[in-house]
Each structure stands twice: as C-alpha cells, then as structure tokens.
Amino acid sequence: LLLIGLCGFMGACCEAMILLKAYMGFLIVIMLLEIIMAVGCVAMKSTVETYATNRTIEMIGYYGVEAQDEAGVITATLDLVQENFACCGVDGPQDWNVYSAEYEGTFHVPTSCCKEANRDDSTCGNATVYTENDYINMDGCKTSLWNFIETNLLYVGILCGAICILQVGILIMNMAFLTALSDEKYEYFVQQ
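This write-up is about the structure you can find in this document.

Thresholds applied
- Residues numbered from 1 in each chain as written.
- Predicted model: local features only at pLDDT ≥ 70, side-chain atom pairs only at ≥ 80, totals over all residues.
- Heavy atoms only, no water.
- Helix = DSSP H or I, 4+ residues; strand = E, 2+ residues; numbered from the N terminus.
- Contact = heavy atoms within 4.5 Å.
- Phe/Tyr/Trp six-rings, centres within 6.5 Å; stacked < 30°, edge-to-face > 60°.
- Buried < 20%, exposed > 50% of the residue type's maximum accessible area, 1.4 Å probe, protein only.
- Expected span 1.5 Å × (residues − 1).
- Core = buried A, V, L, I, M, F, W, Y, C linked by side-chain atoms within 4.5 Å.
- Patch = residues over 30% accessible without salt bridge, like charges linked within 9 Å, V, L, I, M, F, W, Y side chains within 5 Å.
- Areas by Shrake-Rupley, 256 points an atom, 1.4 Å probe, with all protein chains shown as cover.
- Salt bridge = Lys/Arg side-chain N within 4 Å of Asp/Glu carboxyl O.
- Disulfide = S-S within 2.5 Å.

## Things to note about the environment of Y63
- Topologically, Y63 is positioned in the loop between α3 (45-62) and α4 (73-84).
- Here the alpha-carbon distance between Y63 and S100, two residues 37 residues apart in the chain, equals 6.7 Å.
- With near-sequence residues (within four places) excluded, Y63 lies in contact with I74, T75, L78, D79, W96, E102, Y103 and P110.

Spelled out as structure tokens, the structure:
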C-alpha cells in the first residue's frame, strides 16, 4: 500500500503520466478485490461460521496443554474472548467437558467462564461443577460473537461505503489530472 500511495504521490508531483496510470490501475484492482471479498463474505457466511466453530473447538482441545500451546497464546485468546463477550465454550460450558483435554469429564470450566463479578470467587470455574453454579456464563461464544457482529455490521457497511466513495473520488480526480496533463502536453507540442 505504501508503494501504491508513493506511486500516486510521485506521479502527481512529477507529473509523470505513467505513474498516475499505474496508480489508477492499482486503485481499480484494489476496489475490485474489495468487492469480491465483500460478496464472498456474504455468500460464504455459513462456511465461515462452520470453519470458525471447528477451529474454536480445536483450540478448546489445546487449552492449557503446553505441548500444543507453548506460548499460552491459545489459552490467553480463549480467556480473553470468554471474558469480553461474557460467554463460555462454543455452544455453552458443556463444550469444555467434551472437547478439552484439561477439563474432559470433570464438568468444570476455566475461570474466564465466570461472570465478571465472580471471577475472583474461589467457588467459580475450576472449583465447582458448572451445572450447579449460577456464577458461570451459560451462553456459548458462537452466539455472543455472531450477535456482536450483526449488531456492528451496519457500522462496518457504512465505513466500507465511505471508503468506496473516497476511492471513486480519488479515481475521478486522478482521471481529471491525467486529462489536464494530456491537454497541456498536447498544447505544448502544437505551439512548437
């Protein structure tokens, strides 16, 4: 992106038509890629949802297992998601009992599944069976994340539309500048 911006900047400053044409070509390609990605995301929503669900279940299996989560990234990521979205597991706390190597068969969940007010409580998370604990978030993260995405989708759409309008404006200005440069060079050669 830096090179594309530099191409446009140098083309405008030096009045180099080849750089301006290259800049315009890059902008058109970027806009087409944005449109293809937007259509792809809408068309493949269920595929993306299935993929994300399967990868999250896989991450639950690696939670707290040092051999597969050496730097603790998976554990930290799942804890962060569960704390910020007030959720537990993919479809609910039962996922930890089924998919996690650390919690399999224990009916316990990580402390990050606890409701915010109870995270420091010793009777929450690892200490008690989640089915008998009112301090555990019972909603799955899949539902919470999709609700968050759908709630903010309007804002993302408005932002994308504004960026698209800006790119079209830049293309129009670039075309106008190229036309002015062509007319200026044509008049220069006609006068001689």
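## Quick word on the packing of aromatic side chains
- One pass over the structure, following the stated rule, counts 4 aromatic pairs.
- Considering the side-chain rings of Y63 and Y103, the 6.2 Å spacing of their centres and the 40 degrees angle between planes classify their relative orientation as tilted. Pair noted here: Y63 is in the loop between α3 and α4 and Y103 is in the loop between α5 (94-99) and α6 (141-191), with a separation of 40 residues, a long-range link. In terms of burial, Y63 and Y103 fall into one category: buried.
- Seen from their ring centres, W96 and Y103 are 5.8 Å apart, and the 85 degrees between their planes marks the pair as edge-to-face. Across the pair, exposure class does not vary: W96 and Y103 are buried alike.
- Clustering of aromatic rings is evident, with ring pairs tying together Y63, W96 and Y103.

## Here we look at α4
- Compared with the 16 Å implied by 1.5 Å per residue over 12 residues, the 16 Å span of α4 between its first and last C-alpha is a close match.
- Phi turns positive, to about 50 degrees, at A86, one or two residues after α4.

## Focus: the nonpolar core
- Counting 15 residues, the largest nonpolar core has L78, W96, V109, C113 and I136 as the members making the most contacts within it.
- Of all the elements in the fold, those that place two or more residues in this core are α3 and α4.
- Contact partners of I136, with chain neighbours within four places excluded, come to P93, V109, C113, C114, K115, C124, G125 and Y130.
- I4, M17, M24 and L178 belong to the second-largest nonpolar core, a separate cluster that totals 11 residues.

## Some details on a nonpolar patch on the surface
- A cluster of nonpolar residues, L3, L6, F9 and M10, forms a patch on the protein surface that exposes about 420 Å² of accessible area.
- A relative accessible area of 44% means that L6 is categorised as partly exposed.

## Here we look at the state of the cysteines
- As enumerated under the stated definition, the model contains 2 disulfides in all.
- Across a sulfur-sulfur distance of 2.0 Å, C87 and C141 are joined as a disulfide pair. Classification of the bridge connecting C87 and C141 rests on its S-S torsion, roughly 90 degrees, and on that basis the disulfide is right-handed. Of this pair, C87 sits in the loop between α4 and α5 while C141 sits in helix α6, and the two are 54 residues apart along the sequence.

## A short note on the pattern of salt bridges
- Applying the stated rule across the entire model yields 2 salt bridges.
- Between K142 and E49 there is a salt bridge, and its shortest N-O distance comes to 3.9 Å. Here K142 is found in helix α6, whereas its partner E49 is found in helix α3, with 93 residues between them in sequence.
- The exposure class assigned to K142 is partly exposed, which follows from its relative accessible area of 27%.
- The salt bridge partner of R55 is E58, with a shortest N-O separation of 2.9 Å. Taken together, the positions of R55 and E58, both in helix α3 and 3 residues apart, correspond to about one turn of that helix.
- We classify R55 as partly exposed; its relative accessible area is 34%.
- Its relative accessible area of 32% is what places E58 among the partly exposed residues.

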